[in-house]
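Inside the fold
Spelled out from the first residue to the last, the chains are:
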Amino acid sequence: SVFTELLLPMVNSKFMRVHPKTTIKVLDIPNTEILSYFFARYCKLCFVTTSKENLDDLLEVHRLMQKDSSAKIAYLPLLDDKIVIVARPDNPVAKYKKLSRKEYEEVYKKENLRFSMYQTYPLNQPEHVFSSALSLSNNPEIHKQFLIENIATTYMPKMAYNLQFKQDGFCAVETSDAQNVIHCLLYWDDPEDEDYALIKSYVDFLQRHFEHGYGVYKEQTSE
């Protein structure tokens, strides 16, 4: 939702000027559920943040299970991002500028730390994440409360940290060997869909929007 809050109002407004009879309904669905909605075709377009490798694996599993070969899922990558570990300044993790996966696993074990995940689908070992994370909620206030009370650190895309957590004084630690994530659009590439032409128009419109640089996220820097 962080990514789409930046993107959708502007893009949808411009798109609906070109297609004034179009109605666009936006659903805010948790990352842990959004793919199930999309695969079941409750929605025809889906914005998701995950690693390219994880996305390819998910789509391949779905392709193998799909009976209707004429309906395919395509995706349009929009922005690259990094995963950071966000913590309160006095949390043991915050003293590091960058941690490898092995290093932060050792720190978490030594300090008996917990974690939550915000705005990204679990990248590695999703079964472990689902069972061990304190929260996978899309609500930033839940994760901020964990951070304020030093109950947990939170994994999130760097863009989410810069836009929603940095101003509250939380620290972000780079992950040196974690998978980068992509903010991307999934869509049903199905010529038999009654909205196929409109869907393709939206995808092309979004692609041109990013090619012209309107959707490029630039970090705010202080001099």
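Check the entry above for the structure.
Positions within a chain are numbered from 1, following the residues in the order the chain's sequence is written. Local features in this predicted model are restricted to residues of pLDDT 70 or higher, and side-chain atom pairs are both shown and tallied only at a pLDDT of 80 or more, whereas totals for entire chains, interfaces and linings draw on every residue. Here the side-chain values reflect all heavy atoms present in the structure, with hydrogen atoms and water set aside.

**Description of the side chain of Gln 119**
Definition in use: Starting at the N terminus, helices and strands are each numbered in turn, a helix being any DSSP run of H or I of at least four residues and a strand any DSSP run of E of at least two. Only protein chains enter the accessibility calculation, which uses a 1.4 Å probe; a residue whose area is less than 20% of its type maximum is buried, one above 50% is exposed, and one in between is partly exposed. Each polar contact in these results corresponds to two N or O atoms within 3.5 Å; when the atoms are within protein, one needs to be able to donate a hydrogen and the other to accept it, and residues that are neighboring in sequence are counted only if both atoms are side-chain atoms.
Tracing the sequence through the fold places Gln 119 in the loop between strand E5 (115-117) and helix H5 (126-132). Accessibility expressed as a relative area gives 5% for Gln 119, which makes it buried. Among the polar contacts listed, one links the side chain of Gln 119 to the side chain of Tyr 118, at a separation of 3.1 Å.

**Overview of helix H4 (residues 101-111)**
Inclusion rule: Working note: the arc is built from the helix axis to C-beta atom directions. Residue contacts are defined here by distance: any two heavy atoms, one from each residue, within 4.5 Å place the two residues in contact.
Where H4 is concerned, the buried positions are Tyr 104, Val 107 and Tyr 108. Buried positions in H4, seen along its axis, are confined to an arc of 100° and lie on one side of it. Pointing more than 90 degrees away from the buried face of H4 are the exposed residues Lys 102, Lys 109 and Lys 110. Close packing links the buried residues of H4 with strand E3 (83-87), strand E4 (98-99), E5, strand E6 (153-157) and strand E7 (171-175). Two residues or fewer past H4, Asn 112 is found with a positive phi of approximately 55°.

**Digging into the pattern of salt bridges**
This is how it is decided: One speaks of a salt bridge when a side-chain nitrogen belonging to Lys or Arg is within 4 Å of a carboxyl oxygen belonging to Asp or Glu.
For the structure on display, the rule yields nine salt bridges. Among the ionic pairs, Asp 193 bridges to Arg 41, the shortest N-O distance being 3.5 Å. With Asp 193 in the loop between strand E8 (181-189) and helix H8 (196-211) and Arg 41 in the loop between helix H2 (31-39) and strand E1 (45-50), the pair connects residues that are 152 residues apart, well separated along the chain. A relative accessible area of 14% places Asp 193 in the buried class. On the accessibility criterion, Arg 41 (31% relative accessible area) is partly exposed. The residue Asp 195 makes a salt bridge to Lys 44 at a minimum N-O spacing of 2.6 Å. On the criterion of sequence distance, the pair formed by Asp 195 in the loop between E8 and H8 and Lys 44 in the loop between H2 and E1 is long-range, its members being 151 residues apart. Exposure remark for Lys 44: the relative accessible area of 29% places this residue in the partly exposed category. Overlapping salt bridges, with partners in common, bring together Arg 41, Lys 44, Asp 190, Asp 193 and Asp 195 in one network.

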